[in-house]
Amino acid sequence: MMTGTAHLFIPGPTNVPADIQRAMIVPMQDHRAPEFAEILQPVLAGLKPVFGTSEAQIALLPGSGTAAWEAAITNTLSPGDKVLMARHGQFSALWADMALAMGLKVEIIDVAWGAPCPVREVERRLGADRHGEIKAVFVTHNETATGVTSDVAGIRHALDASFHDALLFVDGVSSIGSIPFEMDAWGVDMAIAGSQKGLMCPAGLGIIAASPRALAAMDTSTMARSFLDLRAMLAAHQAGSFCFTPPAQLLHGLRAALTRLQTEGLANVFARHQRLAEGIRAGVAAMGLKMVAEHQIFASDTVTAIRTPQGIDARDVIAIARNRYNTHFGGGLGPLAGKAFRIGHLGDLNEGMCLTALGIAELSLKAAGAPVVLGAGVTAAQHVYAGVAQAPALSIAAE
Ligand SMILES: *Cc1c(COP(=O)(O)O)cnc(C)c1O
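Going along each chain's sequence as written, the residues are numbered from 1 onward. Totals for whole chains, interfaces and linings use every residue, but because this is a predicted model, local features are given only for residues with pLDDT of at least 70 and side-chain atom pairs only at 80 or more, for both listing and counting. With hydrogens and water excluded, all non-hydrogen atoms of the structure serve as input to the side-chain values.

Looking up the protein chain in an unreviewed UniProt entry gives the name Aminotransferase class V-fold PLP-dependent enzyme, with the organism given as Roseinatronobacter bogoriensis subsp. barguzinensis. Database annotation for the protein chain, UniProt heading Cofactor (unreviewed entry): "pyridoxal 5'-phosphate". UniProt positions are given in the numbering used here, feature names are shortened, and annotations may be inferred rather than shown by experiment. Here the protein chain is described in UniProt, under the heading Sequence similarities (unreviewed entry), as follows: "Belongs to the class-V pyridoxal-phosphate-dependent aminotransferase family."

Here you go:
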């Protein structure tokens, strides 16, 4: 039997704070009654600053981030359209697979898992697309599989510099609400999130924001869509409801989550994620381990993927953490299975939780046979959180 608190350090679902949990305990309500708009409208309005938009329209889709991926495609594109995207982790790979399955031509830029979306190569491909065959560029803002954040503003610049009018779709499932996201400033046409990561709610809602250009593209798109028809949903939202029965409890939760983000202040939320992530990264380095992210510059502030040393199966580390320490880390996905584990550090999180994550990672790595010095990672993170430089390398004789 497991005692004490289970520690959830997966990059989604994330911890749901008690006030959000309580906000969801509400009686069933009539979603066709005028009062339903009183819960829906503040949620739609409150999401806009989190997405960095005043121009876009937001639709809530029962489902998850994956549903929003699909809605972005089926509502704006047509079979045979070409899209351009980098494949550099499990989530960009899955989105590419979906695009293929929906009948799109997918021009893929394969780069190392650990690298960001290559802005220059995107610019080169756009420049070479003389006949404007590329209808959309897909960017995975934060590759949750590798812990890499890509430069969406750079991709916008690449589009502008090549005078290309492709739409820009961005998967912000593990970034929106945790790190800066500027939909309007970056000229993003479809921005995608889910309820269960930075927004600290249970899974169950895909959230999609559509720019005026994306809305216009819906008039000419010929792809089949029905359940995820965004125009129908946006019209229903305008009228204060959904096309079908909404997950009302989640809307109550989301409203409470947005209140939390507003109360903390988005700038403070972003700064907190950055500070906490810096501690995690310092800890990983002090343990002598490498991140999957090839460089600190684009290491994610919401999730860190950590390579286990040669000969140490990351699955063992994860199993030890779970079975002995009631602690959940994310696994290595796809080709990273067994080679890496992930610490999710997004949502409702503080320094103590990050120190716990590092401390349990050290114990689990050691038990799996990795040569880590117990406490080295925790100490390094403490120095970051204390705002003081790391002391010269400790030699822990008691090892
Ligand atoms: C979690 C995640 C998804 C998938 O979202 P679901 O809500 O599980 O469907 C897509 N993209 C990224 C970057 C993610 O982190």
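Now that the structure is up, let's keep going.
Trainee: Before we go on, may I ask you to explain the overall build of the protein chain in this structure?
Mentor: In terms of helices and strands, the protein chain carries 13 helices and 13 strands. We take the radius of gyration over the C-alpha atoms and set the globule estimate at 2.2 Å times the residue count to the 0.38 power. For the protein chain, the C-alpha radius of gyration of 22 Å lies close to 21 Å, the compact-globule estimate for 399 residues. With the principal axes as the frame, the protein chain shows a C-alpha extent of 70 × 55 × 35 Å. For the protein chain, buried positions account for 56% of its 399 residues. For the protein chain, contacts bridging at least 24 residues in sequence account for 72% of all contacts bridging at least 6. Helix and strand assignments follow DSSP, with helices taken as H or I runs no shorter than four residues and strands as E runs no shorter than two, numbered in order from the N terminus. Burial classification: accessible surface area is computed with a 1.4 Å probe over protein chains only, and a residue below 20% of its type maximum counts as buried, one above 50% as exposed, and the rest as partly exposed. We call two residues in contact when some of their heavy atoms are within 4.5 Å.

Trainee: I keep staring at the side chain of S221 and nothing clicks. Help me out?
Mentor: Within the secondary structure, S221 is located in the loop between α7 (212-217) and α8 (230-238). Distance and chemistry together define a polar contact, namely a pair of N or O atoms within 3.5 Å, with one atom able to donate a hydrogen and the other to accept it when in protein, and with adjacent residues in sequence counting only for side-chain atoms on both sides. At a separation of 2.8 Å, a polar atom in the side chain of S221 contacts the main-chain carbonyl oxygen of L77. Among the polar contacts made by the side chain of S221, one reaches the main-chain amide nitrogen of M223 at a distance of 3.5 Å. The contacts of S221, once residues within four sequence positions are left out, are T74, N75, T76, L77 and S78.

Trainee: Explain empty space enclosed by the protein to me, please; I cannot follow it from the model alone.
Mentor: Detection works on a 1 Å grid of protein atoms alone, calling trapped sets that fit a 1.4 Å probe cavities and calling open sets with protein on both sides within 12 Å along at least five of seven lines pockets, with lining residues defined by an atom within 4 Å of a point. Grid points are joined across faces, edges and corners, and a volume is the space filled by probe spheres set on the points. Taken as a whole, this structure holds one cavity of 30 Å³ or more when the rule is applied. As a volume, the largest cavity reaches approximately 40 Å³. What lines the largest cavity is simply L8, I10, T14, N15, G344, H345, L346 and L349. Residues are sorted three ways: Asp, Glu, Lys and Arg are charged, Ala, Val, Leu, Ile, Met, Phe, Trp, Tyr, Cys and Pro are nonpolar, and all the rest, Gly among them, are polar. Of the residues in the lining of the largest cavity, the class split is four nonpolar, four polar and no charged.

Trainee: What is the right way to read the packing of aromatic side chains from this model?
Mentor: Working definition: a ring pair exists when centres of Phe, Tyr or Trp rings (six-membered ring for Trp) sit within 6.5 Å. Plane angles under 30 degrees give stacked, over 60 give edge-to-face, the rest tilted. A complete count under the given rule lists seven aromatic pairs for this structure. Seen in terms of ring centroids, F227 and F244 are 4.5 Å apart; in terms of plane orientation they differ by 15°. Their pairing is stacked. In this pair, F227 sits in the loop between α7 and α8 while F244 sits in the loop between α8 and α9 (248-264), placing the two residues 17 residues apart along the sequence. Counting every residue linked through ring pairs, the aromatic cluster contains W69, W95, F138 and F169. The rule for a charge over a ring is simple: NZ of Lys or CZ of Arg within 6 Å of the ring centre, and within 35 degrees of the ring normal. When the ring centre of F91 is taken as reference, the NZ or CZ atom of K197 above it lies at 5.4 Å.

Trainee: Just to check I follow, could you spell out the packing of helix α10 (residues 266-286) against helix α12 (residues 351-367) for this structure?
Mentor: Angle between the axes and distance between the axes: these two values describe a pair of packed helices. For the pair α10 and α12, interaxial distance at closest approach is 10 Å and the crossing angle is 20°. Classified by the angle their axes make, α10 and α12 are roughly parallel. The crossing of α10 and α12 is right-handed. Judged by residue contacts, R275, L276, G279, I280, G283 and V284 of α10 engage E351, C354 and L358 from α12. Helix axes use the C-alpha atoms of the stretch in contact, all axes being lines fitted to C-alpha atoms, and the angles between their N-to-C directions lie in the range 0 to 180 degrees. When an angle is under 35 degrees it counts as roughly parallel; over 145 it counts as roughly antiparallel; between 65 and 115 it counts as roughly perpendicular; any other value is oblique. By convention the crossing between two helices is left-handed if the near helix lies anticlockwise of the far one by an angle smaller than a right angle, and right-handed if it lies clockwise.

Trainee: What should I look at first to understand the sheet that holds strand β11 (residues 303-307) in this one?
Mentor: DSSP calls a pair of strands paired once it identifies at least 2 bridges connecting them. Overall, mixed pairing links the four strands, which are arranged β1-β12-β13-β11 in an open sheet. Whereas interior strands pair on both sides, the edge strands pair on one side only; in this sheet they are β1 (7-9) and β11. Going from strand to strand, the sheet's axes swing by 35° on average, the running direction of each strand aside.

Trainee: How do you make sense of the layout of surface pockets when you look at a structure like this?
Mentor: Over the atoms, a rolling probe the size of a water molecule traces out where space has been left empty. Within this model, the largest pocket holds a volume of roughly 230 Å³. T149, S150, I297, F298 and A299 are, among the 15 residues lining the largest pocket, the residues nearest its centre. Residue composition of the lining of the largest pocket, by class: eight nonpolar, four polar and three charged. Start and end positions for the domains come from either an automated domain assignment or a database one. Each of domain 1 (7-12 + 266-386) and domain 2 (19-262) contributes no fewer than three residues to the lining of the largest pocket. Counted as a void, the second largest pocket has a volume near 150 Å³. Lining the second largest pocket we find 14 residues, and of these T76, L77, D81, K135 and L167 sit closest to its centre. Contributions of two or more residues to the lining of the second largest pocket are made by β5 (134-140) and α7. Among the residues forming the lining of the second largest pocket, the class breakdown is five nonpolar, five polar and four charged.

Trainee: Looking at this structure, I do not really get α12. What am I missing?
Mentor: Because an α-helix completes one turn every 3.6 residues, residues spaced three or four positions apart along the sequence face the same direction. In this analysis, the expected span of each helix is defined as 1.5 Å times one less than the number of residues it contains. Here α12 is 17 residues long and its end C-alpha atoms lie 24 Å apart, about the 24 Å a rise of 1.5 Å per residue gives. Listed as buried for α12 are C354, A357, L358, G359, I360, A361, E362, S364 and L365. The backbone nitrogen of G352 lies 3.2 Å from a side-chain oxygen of the residue at the head of α12, namely N350. Just past α12, the residue G369 takes up positive phi, approximately 105°.

Trainee: In this structure, what is going on with the UniProt feature "domain: Aminotransferase class V" (unreviewed entry) in the protein chain? I would like to understand it.
Mentor: On the UniProt side, "domain: Aminotransferase class V" (unreviewed entry) is annotated at positions that read residues 29-318 here. Annotated as residues 29-318, this span is 41% helix and 17% strand, and its ends, taken at the C-alpha atoms, are 41 Å apart.

Trainee: Honestly, the sheet that holds strand β10 (residues 205-210) in this entry has me stumped. Any pointers?
Mentor: Each strand in a sheet pairs with another by means of backbone hydrogen bonds, the pair being arranged parallel or else antiparallel. Across the sheet, seven strands lie side by side as β2-β10-β9-β8-β5-β3-β4; this open sheet has mixed pairing. Two strands close off the open sheet at either side, each with one partner strand: β2 (57-62) and β4 (105-110). Within this sheet the neighbouring strands show an average axis-to-axis angle of 20°, counted without direction. Bridge count for strand β3 (residues 82-87) against β4 is six bridges, and the pairing is parallel. Bridged to M85 within β4 is I108. Each of β2, β5, β8 (167-171), β9 (190-194) and β10 is contacted by helix α3 (residues 65-76), which is oriented at about 160° to β9, the strand it contacts most.

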